[in-house]
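# Geometric and topological summary
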Amino acid sequence: MITRQQDSSAAAPDGRGGGEPARGRHTVEKIGGTSMSRARELIDTILIGRREGEALYRRAFVVSAFGGITDKLLENKKSGEPGVYGLFAQADNEHGWMDALSEVGRAMREINAAMFDDAGDRNAADDFVRERIEGARGCLIDLQRLCSYGHFQLVEHMQTIRELLSALGEAHSAHNLTLLLRRHRVDARFVDLTGWRDETQPSLDERILNAFSDIDLERELPIVTGYAQCREGLMREFDRGYSEVTFATIAALTGAREAIIHKEFHLSSADPRLVGEDKVRKIGRTNYDVADQLSNMGMEAIHPKAAKKLRQAGVPLRVANAFEPEDPGTLIDAEPARSAGVEMVTGLPITSLELFEQDMVGVKGYDAAILDVLTRHRVRIVAKASNANTIVHHVDATLKAIRRVERDLGERYPAARVTARRTAIVAVIGRELGGLDVMLRGLAALKEEGIVPISALETGRGVDVQFVVRGEEKDTAVRALHRTFVESDTAREELADAA
């Protein structure tokens, strides 16, 4: 049974604590969608591997939907192509969303067929898919019929529909993994946080504590849905980052010894596909400050709100490679670095939005007005800079959102010149960069490649230095800075000192 209070005197059972103080006896671990699509391989690595008896337990796994399923249910994350949700929202063709939902069911059954050798398991998985898909279909049909009356507006229910559909993916993956583990004689337990046919509206904390109240982690292995239905509405605030928030909340509430995210790669000093697998190095250890900087640059080790929950609860986070179970991965905690060193170089395509007005100097209110417009259009600010008559926001947003912002700012300041151009930010990040002359050495490295930065930004805190370059120069800039701060002899000496 799990409550808010955990035994904090127990030693780590598997040695993954990295010397951290003992907390609870269990870990809470998350498996992403790409890794879940290789679930049968995971049996031989993180799920079972060489574990026997008690070593199989004292863990809880939070799972995402199988790769591609949430795209089919909501919309393609990269292309924006509508899934069931998008087609239902358009409501131009009833058969469009219904056909898309049937396609989701077919894709789920294909996953079942590939995952289960036993006919009984396969049938149980197919029955589960059928119940959830047809239940969702009936709900959407009833809602369409209800909203054909003028008293009911479909737009008021769209967020709930988004959550209902998204939950189908996590329920499917958690149910399947439970069946697969039971076939391997593990006492796995399906923990459904999706609120399916539940008339109550608990808070997220209540939903989790109720679900875990009778679980014995010494003898059971909970497989938990990444989506949790609650009155706060996870997707309203976190959209598709909700599974990491569920994972972090479980770890915090249950007093986990450690929270572990399993990915199909290590958290490395750069994208190995960009700089070369033989040139990157595993970070090994960093802190939540760096994790926040990575998130700001679009390279989320974990959602910043999830990181906040873990940090405040004193739960360290480990990012590990799901297919290299012997490697401890990278530990993220609240500790500062012992010495200076660069940990990562990464780049992000952005739009640089510039407002210039000659009469701005000495006049208050411009900055607040621009922020108001950006907030209204839900444009994420990555960095900003200003001088006497110019304010530049480097933002991560769609072209459509940028055009709306330009229009609103043009109406607000008709005498101003508002321009937007595609650029990129390349950042050098580390727990402690003091004394490394990152700005000077970075500018020199870029100059050697013929890159003249549009601007360079540094807050003075010594955790990141950002270089704004033309969009097409991003990859070259990342490789140049990585050579200077990670691959060079000087960089290796600095890294040795930091270690």
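Read on for a plain summary of the structure. Predicted, not measured: the structure shown is a model, and the values here were computed from it.

## Some details on the sheet that holds strand 12 (residues 417-429)
- The 6 strands are arranged 10-11-9-12-14-13 in an open sheet whose pairing can be described as antiparallel. Each end of this open sheet is capped by a strand with a single partner; those strands are strand 10 (380-386) and strand 13 (455-458). Between one strand axis and the next, the sheet turns by 30 degrees as a mean value, whatever way the strands run.
- Pairing geometry for strand 12 and strand 14 (residues 464-470), over 7 bridges, is antiparallel.

## Thoughts on the packing of helix 12 (residues 288-296) against helix 13 (residues 304-313)
- Relative to each other, helix 12 and helix 13 sit at 170 degrees, their axes nearing to 10 Å. On the basis of their axis angle, the class for helix 12 and helix 13 is roughly antiparallel. Taken together, the residues of helix 13 that come into contact with helix 12 (itself represented by Tyr288, Asp292 and Ser295) are Pro304, Ala307, Leu310 and Arg311.
- Of the residues assigned to the contact of helix 12 with helix 13, the class counts are 4 nonpolar, 1 polar and 2 charged.

## A word on the pairing of strand 10
- In terms of strand pairing, strand 10 meets strand 11 (residues 390-396) through 6 bridges, oriented antiparallel. The residue of strand 11 that forms the bridge with lysine 384 is histidine 393.

## What to know about the environment of alanine 416
- When you line up the elements, alanine 416 lands in the loop between helix 15 (399-412) and strand 12.
- Residue classification places alanine 416 among the buried residues on the basis of a relative accessible area of 16%.
- Distance from alanine 416 to glutamine 358, taken between C-alpha atoms, is 7.8 Å for residues 58 residues apart in sequence.

## What to know about the packing of helix 2 (residues 39-47) against helix 7 (residues 158-183)
- Here helix 2 crosses helix 7 at 60 degrees, and the two axes come no closer than 11 Å. Judged by the sense of rotation from one axis to the other, the crossing of helix 2 with helix 7 is right-handed. In contact with Ala39, Arg40, Ile43 and Leu47 of helix 2, helix 7 contributes Leu177, Leu180 and Leu181.

## Let's talk about helix 15
- For helix 15, which comprises 14 residues, the first-to-last C-alpha distance of 20 Å matches the rise-based estimate of 20 Å (1.5 Å per residue) to within 8%.
- The complete set of buried residues in helix 15 reads Ala401, Ile402, Val405, Glu406, Asp408 and Leu409.
- Those residues of helix 15 hidden inside the fold are in contact with strand 9 (344-356), helix 14 (366-376), strand 11 and strand 12.

## Examining the sheet that holds strand 8 (residues 330-333)
- Here 8 strands make up an open sheet; going across it, the order is 3-4-2-1-5-7-8-6 and the pairing mixed. Whereas interior strands pair on both sides, the edge strands pair on one side only; in this sheet they are strand 3 (188-191) and strand 6 (285-287). Put simply, the sheet's adjacent strands are angled 25 degrees from each other on average, direction ignored.
- Contacting strand 1 (27-31), strand 2 (59-63) and strand 5 (258-263), helix 2 runs over the sheet at an angle of about 145 degrees to strand 2.

The rules behind the values
Residues numbered from 1 in each chain as written. Predicted model: local features only at pLDDT ≥ 70, side-chain atom pairs only at ≥ 80, totals over all residues. Heavy atoms only, no water. Pairing = 2+ DSSP bridges. Helix = DSSP H or I, 4+ residues; strand = E, 2+ residues; numbered from the N terminus. Axes fitted to C-alpha atoms, helices over the stretch in contact; angles between N-to-C directions. Parallel < 35°, antiparallel > 145°, perpendicular 65-115°, else oblique. Contact = heavy atoms within 4.5 Å. Nonpolar A, V, L, I, M, F, W, Y, C, P; charged D, E, K, R; others polar. Buried < 20%, exposed > 50% of the residue type's maximum accessible area, 1.4 Å probe, protein only. Left-handed = near helix turned anticlockwise from the far one by under 90°. Expected span 1.5 Å × (residues − 1).

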